[in-house]
Amino acid sequence: MDKKLVLKIVPNDWQNESRDQRELSVVRELGADILVLAKGDVEKDDEVAGFKVKRMTSRPLGDKCPKLINRGVSMIRWVKTARALEPDAISGHDLIPLFIGWASTCFKKNKPKLVYDSHEFTVYSEGKSKFSSFLNKYMERFLIKRCAFAIEVGDTIAEEVQKIHNLKTKPVVVRNIPNRWDIDEEKCAEKRKEILSGFERQATDDTILLYYHGVVVPNRGVEKAIETLTHNENYFLGVMGSGSDAYKDELREMANELNVADRLQFVPAVKSTDLWLCLGAADIELILIQASCRSYYYSLPNKLFESIQAVLPVICSDFPAMRDIVDEYGVGVCCDEKNSESVHNAIEKICEKYENYRVNEGIAKEELCWEKEKKVLAEAYAGILFDK
């Protein structure tokens, strides 16, 4: 019997997509072949993290051609390519790739199974107008009912999606959890020295190294983390991740105005395989996401689980999904993400019983790891590929 082929369609260049890679690793372990259809400046066959990638441009008519025409032609080409590959299943990374996958199945006798891999609360995502949210809602409703199953990143979002679209079956919940990390504390201690040496102010034995890691963009709570530095001279803040230079300059200017610039350091993003070393060097992770949209309010970010794997106590926005994890496992404190005084109080609370939180993290990391989380995903894929 020929091997099953699963096609993953993504809206980006697919270089550091750890969640997609974990999903596809599960499919590969089931015995299926994998191909990723991704963007590229040059159309070519590529390989990323051991997965075959077919790159296609989103501007087939060149940069001088109007964007709308380019997108239309590009969409048709992507649909034709996906159709010609004749996969057994298509996983769409969010809504537009899912639409491409669905369109490629039209008028086919033996249609591949569709999987909707939603990376956020699509209907209420950041920066969408009411009209865009309206379109997303009905486009998602149309497509999700044509899928074998949908994947959501948390129970709260899955429950909301089920209500919004009146689905008989709740989407499969696969949280964005890393593999279990083995932490070398000696290496983390050396990394801590390296990080602290990068601050303008000299660290002391009383220094509390706060960390934010992730994309450095508005509404992720970096401003509030900087403001928190004003509450205690011993607070130092490392901000690790990619972001625009203009926005980072705004944050530096804010730190200057608050007279805390010497205790703020921007750290370049690192490979996911090296993340444990940086997080293990810190004292507390700050996850102060702002409720600028419902997608953020219901979010369950991977940085929460990465912090747990690094045995790093967390301070989170008091949002439902994050609160459930923090309360159940005792790995940190929830606070009012809009109030730096509340963040400061949460830091003091953790510091009072710091080792207790670390013990809880050590217990939680054995449960909240990809090795356990992937089982539900493996069952879902086995069901559509091999009728198991």
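Residues numbered from 1 in each chain as written. Predicted model: local features only at pLDDT ≥ 70, side-chain atom pairs only at ≥ 80, totals over all residues. Heavy atoms only, no water.

Assignment of secondary structure puts Ser 295 in helix α10 (residues 294-297). Only 3.3 Å separates the side chain of Ser 295 from the backbone nitrogen of Phe 121, close enough to count as a polar contact. In contact with Ser 295, other than residues within four places in its own chain, are Glu 120, Phe 121, Tyr 124 and Ser 125. (Helix = DSSP H or I, 4+ residues; strand = E, 2+ residues; numbered from the N terminus. Polar contact = N/O pair within 3.5 Å; in protein donor to acceptor, adjacent residues only side chain to side chain. Contact = heavy atoms within 4.5 Å.)

With that settled, consider the sheet that holds strand β12 (residues 284-287). With parallel pairing, six strands are arranged side by side in an open sheet as β11-β10-β9-β12-β13-β14. Looking at which strands have only one partner, the edges of the open sheet turn out to be β11 (264-267) and β14 (332-335). Neighbour to neighbour, the strand axes of the sheet diverge by 25° on average, direction disregarded. Alignment of β12 against strand β13 (residues 314-317), held across three bridges, turns out to be parallel. (Pairing = 2+ DSSP bridges. Axes fitted to C-alpha atoms, helices over the stretch in contact; angles between N-to-C directions.)

On to the sheet that holds strand β5 (residues 89-93), then. Judged by pairing direction, the sheet is mixed, and its eight strands sit side by side in the order β3-β4-β2-β1-β5-β6-β7-β8 without closing on themselves. At either end of the open sheet lies a strand with only one pairing partner, and these are β3 (44-48) and β8 (172-173). Summarising the sheet, β5 and strand β6 (residues 113-117) pair through five bridges and their orientation is parallel. The residue bridging Ser 91 from the neighbouring strand is Val 115, located in β6.

As a further point, take the packing of aromatic side chains. With the rule as written, the count across this model stands at nine aromatic pairs. Summarising the aromatic geometry, the rings of Phe 199 and Phe 236 are spaced 5.1 Å apart at their centres and angled 75° between planes, so their arrangement reads as edge-to-face. Of this pair, Phe 199 sits in the loop between α6 (185-196) and β9 (208-213) while Phe 236 sits in strand β10 (residues 235-240), and the two are 37 residues apart along the sequence. Phe 199 gets classed as buried once you look at its relative accessible area, which sits at 6%. Looking at Phe 236, the relative accessible area reads 1%, which means it is buried. Centre to centre, the rings of Tyr 297 and Phe 319 are 5.1 Å apart; their planes meet at 55°, and the pair counts as tilted. Residue Tyr 297 is found in helix α10, and its partner Phe 319 is found in the loop between β13 and α12 (320-329); the two are separated by 22 residues along the sequence. Residue classification places Tyr 297 among the partly exposed residues on the basis of a relative accessible area of 32%. Grouping aromatic residues by their ring pairs yields a cluster made of Phe 121, Tyr 297, Tyr 298 and Phe 319. Note that Arg 28 overlies the ring of Phe 51, its terminal NZ or CZ placed 4.1 Å from the centroid. The ring of Phe 142 has Arg 146 sitting right over it, with the charged end atom 3.7 Å from the ring centre. (Phe/Tyr/Trp six-rings, centres within 6.5 Å; stacked < 30°, edge-to-face > 60°. Buried < 20%, exposed > 50% of the residue type's maximum accessible area, 1.4 Å probe, protein only. Lys NZ or Arg CZ within 6 Å of the ring centre and 35° of its normal.)

With that settled, the discussion passes to the side chain of Glu 306. With respect to the element layout, Glu 306 can be found in helix α11 (residues 302-309). Among buried Asp, Glu, Lys and Arg side chains, Glu 306 stands out as unpaired, with Arg 22 the closest opposite charge at 5.9 Å. Apart from the residues within four sequence positions on either side, Glu 306 is in contact with Pro 178, Trp 181, His 213, Leu 275 and Leu 279. (Lys, Arg positive; Asp, Glu negative; His and termini not counted. Salt bridge = Lys/Arg side-chain N within 4 Å of Asp/Glu carboxyl O.)

Here the focus is the pairing of β10. Within β10, six of the six residues are buried, leaving the element largely enclosed by the surrounding structure. In β10, alternate side chains face the same way, and those of Tyr 235, Leu 237 and Val 239 on one face and Phe 236, Gly 238 and Met 240 on the other are all buried. Pairing of β9 with β10, which is carried by six bridges, proceeds in the parallel orientation. Looking across to β10, one finds that Leu 210 is bridged to Leu 237. Examined bridge by bridge, β10 and β11 share four bridges and lie parallel to one another. The partner of Leu 237 across the bridge, within β11, is Leu 264. Read from β10 through helix α8 (residues 245-257) to β11, the crossover connection turns out right-handed. (Right-handed = clockwise from strand over helix to strand, strands pointing away.)

This brings us to the pattern of salt bridges. Enumeration over the complete set of coordinates arrives at 28 salt bridges. Glu 194 is the partner of Lys 191 in a salt bridge, and the nearest nitrogen-oxygen pair spans 3.1 Å. You can see Lys 191 and its partner Glu 194 sitting in helix α6, three residues apart, about one turn around the helix. In this structure Lys 191 comes out as buried when scored by relative accessible area, which is 18%.

Below, the discussion takes up the state of the cysteines. Taken as a whole and judged by the stated rule, the model has zero disulfides. Counting only cysteine sulfurs, Cys 335 is the nearest neighbor of Cys 351, a cysteine outside any disulfide, at a range of 14 Å. Accessibility expressed as a relative area gives 35% for Cys 351, which makes it partly exposed. (Disulfide = S-S within 2.5 Å.)

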